[in-house]
Amino acid sequence: ADCRYTCHQECRSLIQLDCRRPGPCQSQLSPENTILLSPRSQNATQTVEEEKPEPPTVQEIKQKIEKYNAKVTNCLLMKLNDDGTYTGFIKVHLKLRRPVTVPAGIRPQSIYDALKEVNLAEMTDKRTSFYLPLDAIKQLHISSTTTVSEVIQGLLKKFMVVDNPQKFALFKEMRKDGQVLFQKLPLTEYPLYLRLLAGPDTDVLSFVLKENETGEVEWDAFSIPELQNFLMILDKEEKDKIQQVHRKYERFKQRLQQTLKEARGKPG
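Criteria and cut-off values
Residues numbered from 1 in each chain as written. Predicted model: local features only at pLDDT ≥ 70, side-chain atom pairs only at ≥ 80, totals over all residues. Heavy atoms only, no water. UniProt positions renumbered as here; feature names shortened; annotations may be inferred. Helix = DSSP H or I, 4+ residues; strand = E, 2+ residues; numbered from the N terminus. Patch = residues over 30% accessible without salt bridge, like charges linked within 9 Å, V, L, I, M, F, W, Y side chains within 5 Å. Areas by Shrake-Rupley, 256 points an atom, 1.4 Å probe, with all protein chains shown as cover. Salt bridge = Lys/Arg side-chain N within 4 Å of Asp/Glu carboxyl O. Lys, Arg positive; Asp, Glu negative; His and termini not counted. Charge placed at Lys NZ, Arg CZ, Asp CG, Glu CD.

An unreviewed UniProt entry annotates the protein chain as Ras association domain-containing protein 5 of Sylvia atricapilla. Looking at the protein chain in UniProt, the text filed under Subcellular location (unreviewed entry) is "Cytoplasm, Cytoskeleton".

In structure tokens, the structure reads:
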């Protein structure tokens, strides 16, 4: 009541308060009461537990799939399996601002390679970096048991990207009240279930692969050639920026000289 001390439900038995300040909670120092000192925290805990949805039954999944397929305007339907799992398609937009690392001198993957699961990236140690086309779209056929982590790894494999999967994150893009909202998905989330709940309309929900922005860049995750490539890109961007500034002030200088030339001999 006085210091607003709160703790997790599982930590109650480990808490030993040593409150030296006189107050109403002096008599409530027992571990059984520590979680009750802040009604706000107790309500928050209950809200989280109430919002946790129950896993849908097979019958509910069947009804959702039928409703989903009724809205599909192409052949990308979802299919329910006998074991209760289901398969379907998702589209992922690639919005990567930094270059990716791929094997150098490797031909594109053929259908034979895909069927035989041939990993062309392992055939050479040579690496090169390039930018993937901005906002490219890749369609994936996945299962209801496919996680976000597996989707990211599958996308990287299709483009023969050898970068650490931890450098990337899958986001869900939503539109609400004229605004575009992005939310990072946990690695254990199931994208196909989110697609099923949202329906086939990509304006309601779409998936985006972006760099994993953690606030601090984890430079240890990059190799030496990648870091050197970043330095080259930064040097180029710096030179371009300097040239832009020079051109900008050169135009200002020319205009000023022209104005002074036109103003000669005029009063004032």
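Q: Please explain unusual backbone geometry as it appears in this structure.
A: Most peptide bonds take the trans form, and the phi angle of most residues other than glycine is negative. In this structure, Met160 is a non-glycine residue whose phi angle is positive, near 55°. By the element assignment, Met160 lies in the loop between α5 (148–158) and β6 (168–176).

Q: Teacher, can you tell me more about a nonpolar patch on the surface here?
A: Residues Val245, Tyr249 and Phe252 make up a contiguous nonpolar surface patch of roughly 290 Å² in combined accessible area. With respect to the helices and strands, Val245 occurs in helix α7 (residues 224–263).

Q: Whenever I open this one, a positive patch on the surface confuses me. Can you help?
A: Taken together, the side chains of Lys241, Arg247, Lys248, Arg251 and Arg255 make up a positively charged region of the molecular surface. Here Lys248 shows up in helix α7.

Q: I keep staring at the pattern of salt bridges and nothing clicks. Help me out?
A: Oppositely charged side chains may form a pair once their charged atoms are brought near each other. Going through the model one piece at a time under the given rule, you end up with four salt bridges. Of the charged contacts in the structure, one is a salt bridge between Asp163 and Lys167, with a shortest N-O distance of 3.3 Å. When salt bridges that share partners are traced, they join Lys95, Glu173 and Arg175 into one network.

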